[in-house]
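# Structure assessment
The residues making up each chain are set out below.
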Amino acid sequence: MNKINKKYNLKAVLPRIAIVLILFLLIGLWSALSPAFFTLNNLMLIIKQVTIYGILAIGMTFVIIAGGIDLSVGSIVAICCVFSAHYIAGDNQDNSLLVPIAVSIAMGLFWGLLNGVGVAYAKIPSFIMTMCTMLAARGIAYIYTNAKAIFFLSDRFVNIANGFLNRTLDETGKVVNFGIPYMVFYFIAAMAIGIIALECTTFGRKVYAVGGNPQAARYSGVNVKWVTCATYVISGLCAGICGFLMAARISSGNANVADGYEMTVIAAAVIGGVSMSGGIGTMTGTLIGVLIIGVITNGMDIIGVNSYFQKVLQAVIIFAAVYADGRINQKSK
């Protein structure tokens, strides 16, 4: 019996070790190809670049582990972006920063709840429900802005995503100390909360139970519909947070933003060991998956690899990760 348990534990741990090794191998590869890669400033830049992906991936991890999928996160980011920008631009520049932030988060929660109710209570397949939401949210964003970007956002608001802690300049305006981007702190805080919520709480255990075997979870007293709905609300919340961060980061509200982000976020979760069949995965793995995607993208940019080739490589990585999931995780289930 102990031998069986050890074999099972080894089978569960090996994929996690593998993705960490892949991350370090990629860092070593890019460092060897370009001395500009392995610098403190560039490493912090990578985290800044993947912050929005990372926050979205937190919500996506909850949804996938519970046995669903959310194709609407990119569109929800877009509609939250334009609405939050509207309330801090032009004549609204004097508004409190809480106004655009609250609007964006409320908008994200609304769309997340809509997805959750549709999937959990109306029993609409998650692929169809979230695809409809994806189209509707993006369409409303275009209608609201008349397909035009919203500019002239408050500098206070823009600084939320573009500011640095302890950045110093000399008399000529040249950067003396790069400082730490605020986005790095958002990334660390969000991931810490996500890890605790999924891996250290009763709710997290219920999410695993629902994704692993909904019928058994129901017989065990778990409110499957409520837990399923809650995962989509969490995903919507994450998209709402990313909405105002995106508006601040690009200094505008644009309905085009975050197009295709859902694919990158799903890729990060799958690379991190989250099973598309539900019930298996960790937030820690998703964190590593997000960093792997960030390291690949940043490294290719530094050495001048065509951006279209990056998409091909991402497709290969997703295919390999899903194939490994089928060979390892689904067999163990």
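Before reading further, recall that the structure is shown in the block above.
Residues numbered from 1 in each chain as written. Predicted model: local features only at pLDDT ≥ 70, side-chain atom pairs only at ≥ 80, totals over all residues. Heavy atoms only, no water.

## Comments concerning the packing of helix α3 (residues 73-86) against helix α4 (residues 98-121)
Where α3 meets α4, the closest approach of the two axes is 8 Å, and the angle between their N-to-C directions is 150 degrees. Here α3 is positioned roughly antiparallel relative to α4, judged by the angle of their axes. The interaxial crossing formed by α3 with α4 has right-handed handedness. Here Ile76, Ile79, Cys80, Phe83 and Ser84 of α3 lie close against α4, whose contacting residues are Pro100, Val103, Ser104, Met107, Gly108, Trp111 and Asn115. Here the residues of the contact of α3 with α4 sort into 8 nonpolar, 4 polar and no charged. (Axes fitted to C-alpha atoms, helices over the stretch in contact; angles between N-to-C directions. Helix = DSSP H or I, 4+ residues; strand = E, 2+ residues; numbered from the N terminus. Parallel < 35°, antiparallel > 145°, perpendicular 65-115°, else oblique. Left-handed = near helix turned anticlockwise from the far one by under 90°. Contact = heavy atoms within 4.5 Å. Nonpolar A, V, L, I, M, F, W, Y, C, P; charged D, E, K, R; others polar.)

## Let's talk about the nonpolar core
With 85 residues, the main nonpolar core has Leu56, Ile79, Leu153, Phe157, Val207, Ile292 and Val295 as its most contacted residues. For leucine 153, the contacting residues outside a window of four places in its chain are Ala85, Ile88, Ala89, Gln93, Val158, Ala247, Ser251, Ser252 and Gly253. (Core = buried A, V, L, I, M, F, W, Y, C linked by side-chain atoms within 4.5 Å. Buried < 20%, exposed > 50% of the residue type's maximum accessible area, 1.4 Å probe, protein only.)

## Points about helix α11 (residues 261-271)
α11 sits mainly inside the fold: 10 of its 11 residues count as buried. For α11, the full list of buried residues reads Tyr261, Glu262, Thr264, Val265, Ile266, Ala267, Ala268, Ala269, Val270 and Ile271.

## Focus: the packing of aromatic side chains
Applying the stated rule across the entire model yields 6 aromatic pairs. For the ring pair phenylalanine 110 and tryptophan 111, a centre distance of 5.5 Å and an interplane angle of 80 degrees mean the geometry is edge-to-face. Phenylalanine 110 gets classed as partly exposed once you look at its relative accessible area, which sits at 47%. Residue classification places tryptophan 111 among the buried residues on the basis of a relative accessible area of 6%. With a centroid separation of 5.9 Å and 85 degrees between ring planes, the pair formed by phenylalanine 203 and tryptophan 226 is classed as edge-to-face. (Phe/Tyr/Trp six-rings, centres within 6.5 Å; stacked < 30°, edge-to-face > 60°.)

## Quick notes on unusual backbone geometry
The backbone of phenylalanine 152 shows a phi angle near 60 degrees, a positive value even though the residue is not glycine. Among the secondary structure elements, phenylalanine 152 is positioned in the loop between α5 (126-145) and α6 (155-162). Note on phenylalanine 152: relative accessible area 66%, which makes it exposed. The phi torsion at serine 251 lies on the positive side, around 60 degrees, for a residue other than glycine. Relative to the assigned elements, serine 251 resides in the loop between α10 (224-250) and α11.

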